[in-house]
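Coordinate inspection notes
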Amino acid sequence: MSKRIALFTLLLVVSLVPVVAQQQALPAAAPLADNPLLREWTTPFGVPPFSEIKTEHFVPAIREAIAQQRKEVDAIANSPQPPTFANTVEALENAGDLLGKVNPVFSNMQSSNTNAELQAVNREVAPLLSALRDDIRLNPKLWERIKTVWDARAALKLPPVQAKLLEENYKSFVRGGANLKPDQKERFRAINAELSTLGIKFGDNLLKETNSFQLVIDKAEDLAGLPPSVVAAGADAAKEAGKPGQWVYTLAAPSIWPFVQYADNRELRKQILTAYTTRGDRNDQYDTKVIVAQTAALRAERAQLLGYKSYAAFVLEENMAKTPDKVYALLNQLWKPAREMALREAADQQTLIRSLGATFTLEPWDWRYYQEKVKKARYDLDEQALRPYFKIDSVQQGAFYVANKLYGLTITPRPDLPVYHPDVKAFEVKDKDGSHLGIFYSDYHPRAGKRVGAWSSTFRGTRVKDGKRVTPVVVNVCNFSKPTGDAPALLSLEEVETLFHEFGHGLNSLLSKVPYRGLGSFPRDFVEVPSQIMENWALEPEVLQVYAKHFKTGEVIPAALVDKIKKSAQFDQGFITVEYLAASILDMDWHTLPPGPAKDTTAFENASLAKIQLPRDIVSRYRSTYFNHIFGPGGGYASGYYAYIWSEVLDQDAFQAFREKGLFDQATARGFRTILEKGGTEEAMTLYKAFRGREPSVEPLLMKRGLK
Ligand SMILES: [Zn+2]
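Residues numbered from 1 in each chain as written. Predicted model: local features only at pLDDT ≥ 70, side-chain atom pairs only at ≥ 80, totals over all residues. Heavy atoms only, no water.

Some details on helix H18 (residues 493-511)
Note on helix geometry: an α-helix contains 3.6 residues per turn, so any two residues three or four positions apart are oriented the same way. Convention followed: In this description a helix means any DSSP run of H or I spanning at least four residues, a strand means any run of E spanning at least two, and both kinds are numbered starting from the N terminus. For a helix, the expected span equals 1.5 Å multiplied by the residue count minus one. Categorising residues by exposure relies on relative accessible area from a 1.4 Å probe, with only protein chains included: less than 20% of the type maximum marks a residue as buried, more than 50% marks it as exposed, and the intermediate range marks it as partly exposed.
Taking 1.5 Å of rise per residue, 19 residues should cover 27 Å, and H18 covers 27 Å from first to last C-alpha, within 8% of that figure. Judged by how many residues are buried, H18 sits mostly within the fold: 18 of 19 residues are covered.

Here it is as structure tokens:
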């Protein structure tokens with residue numbers, strides 16, 4: 001089943017504009033000179049010296065980095081010189097180098113390799129970072145200087161990239177509360193601090209809820225229906241959990257989804273899926289319903305302070321979509337045909353259930369199980385038969401091959417580089433001319449300290465410093481199937497697509513040529529274009545030939561199997577689209593709320609899903625209580641979850657250009673690379689039109705999903 005469980009682009013961009021923390025004298029016992037985070041990194045390519053970094057280094061290093069940034073910012077704000085682009089906007093852009101070096105290490109570890117101590121560190125430093133951000137945006141002297149430069153912009157005749165940086169800076173101050181009255185500023189700051197704490201609490205609770213559940217099986221007959229690899233994975237997990245001789249299934253993606261897809265035991269399917277869908281909703285100490293409702297209410301209040309009707313209106317102004325109406329229009333356009341398709345899929349399953357002599361009505365824990373059986377009958381395609389061709393290292397090589405054919409990149413292992421966990425692999429990425437482009441880390445398997453989902457992030461983003469390009473250090477973090485028994489890790493089709501997807505984000509970071517950190521990112525609803533477009537190459541027969549080889553025999557995936565994948569591509573799209581759209585609409589509903597008292601989370605969610613008539617046998621891909629994208633730390637996708645399908649309109653239209661001109665057509669590749677290189681230095685639609693020669697069409701998306 002090609003179900004994207006949790007594609008997650010995490011732009012762990014550290015707030016580059018530093019916030020000043022209350023300076024505190026550091027204990028003499030912790031000399032900063034001994035702190036590896038604060039020293040110059042003499043590792044190859046200046047990657048973080050992971051093996052030297054200990055948990056206790058983070059708090060003093062982050063405090064020191066915050067203090068430094070505060071000092072740099074104060075110097076800009078208090079400068080006796082008249083404000084200019086260089087001494088104000090550019091100087092601010094260049095402030096906070098130390099925090100920009102230290103904080104990504106911390107926030108990446110917090111996401112992918114955390115523990116109780118690191119979570120405590122996070123609770124300590126997050127409010128300091130939130131305060132630093134506010135102290136900068138709400139600094140009246142600094143704001144006065146920015147405004148002076150902004151008001152003089154016409155006369156300055158800045159080159160386009162600098163003009164864009166000035167505009168982004170100006171907007172970020174306005175949006176960061178610079179124009180508020182003093183009493184409003186105080187409330188604004190309090191809301192930010194509270195939101196930061198709520199986000200962290202949500203994330204910590206969700207990790208607890210996800211890790212606390214185990215489905216323990218001690219009778220072999222309860223494994224009926226499971227493919228041998230899923231049984232073996234359950235046995236491995238049991239050993240790890242200290243329950244040798246039994247089988248354990250968890251809420252991690254590679255564990256729960258194959259179980260729900262294949263287990264004949266309907267009661268056990270119900271148990272594990274219910275555990276998944278009630279995370280944060282068990283009225284216990286880790287319940288997140290109040291956090292969710294408070295977060296939405298505070299966001300609405302903050303948006304109103306800034307003069308917006310809703311939080312969504314505030315966020316979307318900066319996206320391609322611009323307004324909530326535009327987002328709802330796309331979601332509603334897709335909803336009706338997707339829902340009708342899902343109802344047909346459900347009817348097919350119900351027919352199958354009856355034909356097998358059962359009388360029960362299809363429930364959420366039946367969907368993946370019977371859908372798999374319908375698929376097998378209709379296309380004779382067994383998902384498990386594909387796995388032997390998708391050895392994880394080969395799939396990664398396939399992604400590298402595409403980058404080579406498109407852009408001439410070569411990517412080679414660098415086992416000599418330090419890593420933060422034994423699962424992590426390091427690579428050097430070189431451009432066509434052999435010059436060093438950046439470092440790429442992959443971290444592909446689940447563990448207790450890793451959030452669920454998959455994302456791409458950076459330890460160091462690119463920019464130009466002292467006339468030279470700073471080379472990026474990029475990481476892809478996923479939760480893919482582990483090796484089982486003697487076999488290497490063998491991926492599902494969906495995991496293959498996710499690997500290519502996250503690598504697409506990685507390529508975006510690696511190829512970027514933006515001169516300023518502040519122009520590093522695309523709008524949220526364009527950011528999935530570089531990643532989603534890569535998924536297309538993964539399943540092209542020409543590319544499969546290269547990487548999809550049987551892990552034992554080396555035999556290339558048979559053409560007949562490739563043909564079945566192609567033919568079944570639209571199968572299940574009703575379900576996939578409906579569960580995704582339901583979550584997107586739920587997100588929009590939460591964030592178009594006017595300010596007011598916190599809602600009852602359950603009632604609000606039920607009303608949202610009833611309004612669209614979500615079929616009773618489908619659960620929204622994320623329910624509010626575990627919707628980490630929008631309520632987790634940072635909440636980067638709040639009123640932005642629609643971005644995946646908005647981006648898909650663009651990436652399908654963009655890939656159409658390769659279909660027309662050739663899968664690896666060099667002129668088309670060059671054009672697409674220009675988009676990746678320019679990043680936030682120009683409007684996304686301007687970049688897109690330069691590539692395609694016109695605005696995107698929604699047709700290729702409708703065709704792909706079978707919605708037309
Ligand atoms: Zn993504």
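A closer look at the packing of helix H14 (residues 324-355) against helix H22 (residues 573-591)
For clarity, the threshold we go by: An axis is simply a line fitted to the C-alpha atoms; with a helix, the fit covers only the stretch in contact. Between two such axes, the angle follows the N-to-C directions and lies from 0 to 180 degrees. A clockwise turn of the near helix away from the far one marks a right-handed crossing, whereas an anticlockwise turn of less than a right angle marks a left-handed crossing. Two residues form a contact once any of their heavy atoms are found within 4.5 Å. We call Asp, Glu, Lys and Arg charged. Ala, Val, Leu, Ile, Met, Phe, Trp, Tyr, Cys and Pro are nonpolar, and the rest, Gly among them, are polar.
Look at H14 against H22: their axes get within 8 Å of each other, and the N-to-C directions meet at 145°. Where H14 crosses over H22, the handedness of that crossing is left-handed. Touching Pro-324, Val-327, Tyr-328, Leu-331, Leu-334, Trp-335, Ala-338, Arg-339, Met-341, Ala-342 and Glu-345 of H14 are Gln-573, Gly-574, Phe-575, Thr-577, Val-578, Leu-581, Ala-582, Ser-584, Ile-585, Met-588 and Asp-589, all from H22. Class assignment of the residues belonging to the contact of H14 with H22 gives a composition of 15 nonpolar, 4 polar and 3 charged.

So, the side chain of Ser-456
The cut-off we apply is this: Polar contacts here mean pairs of N or O atoms no more than 3.5 Å apart (in protein, one a potential hydrogen donor and the other a potential acceptor; neighbouring residues in sequence count only if both atoms are side-chain atoms).
Considering the arrangement of structural elements, one finds Ser-456 in strand E6 (residues 455-460). The exposure class of Ser-456 is buried, given its relative accessible area of 4%. At 3.1 Å, the side chain of Ser-456 forms a polar contact with the side chain of Asn-476.

Things to note about the pattern of salt bridges
Once their charged atoms are close, side chains differing in charge can pair, the charge on each being opposite to the other. Under the convention used in this document: Between Lys or Arg on one side and Asp or Glu on the other, a salt bridge is scored when a side-chain nitrogen of the former is within 4 Å of a carboxyl oxygen of the latter.
Across all of its chains, the model carries 53 salt bridges by this definition. Residue Asp-416 is joined to Arg-414 by a salt bridge in which the shortest nitrogen-to-oxygen separation is 2.9 Å. For the salt bridge of Arg-447 with Asp-443, the shortest nitrogen-to-oxygen distance reads 2.7 Å. The class of Asp-443 is buried, set by a relative accessible area of 0%. Through salt bridges that share partners, Lys-164, Glu-167, Glu-168, Lys-171, Glu-318 and Glu-683 make up one connected network.

Points about the pairing of strand E9 (residues 473-477)
Stated formally: Criterion used throughout: strands pair if DSSP finds at least two bridges between them.
With 5 of its 5 residues buried, E9 lies for the most part within the structure. What you see with E9 is no split at all: Val-473, Val-475 and Val-477 on one side and Val-474 and Asn-476 on the other are buried throughout. Sheet topology note: the strand E5 (residues 436-443)/E9 ladder contains 5 bridges and is parallel. Residue pairing for E9: Asp-443 is matched across the bridge by Val-477. Inspection of the sheet shows E6 paired to E9 by 5 bridges, in the antiparallel sense. Each bridged residue has a counterpart across the sheet, and for Ser-456 the counterpart in E9 is Asn-476.

Thoughts on the side chain of Ser-584
By the secondary structure assignment, Ser-584 is in helix H22. On the basis of relative accessibility, which here comes to 0%, the residue Ser-584 falls in the buried class. Once you skip the residues sitting within four places of it in the chain, Ser-584 turns out to touch Leu-331, Tyr-641 and Tyr-642.

Focus on the pairing of E5
The element E5 is extensively covered by neighbouring structure, given that 7 of its 8 residues are classed as buried. The sheet contact formed by strand E4 (residues 425-430) and E5 spans 6 bridges and is antiparallel. Bridged to Val-429 within E5 is Gly-438. Hairpin connection between E4 and E5: a loop of 5 residues separates the two successive antiparallel strands, and Gly-434 in this loop has a positive phi of roughly 90°.

With respect to the environment of Ile-66
Relative to the assigned elements, Ile-66 resides in helix H1 (residues 58-77). Sequence separation between Ile-66 and Leu-437 is 371 residues, and the spatial gap between their C-alpha atoms is 29 Å.

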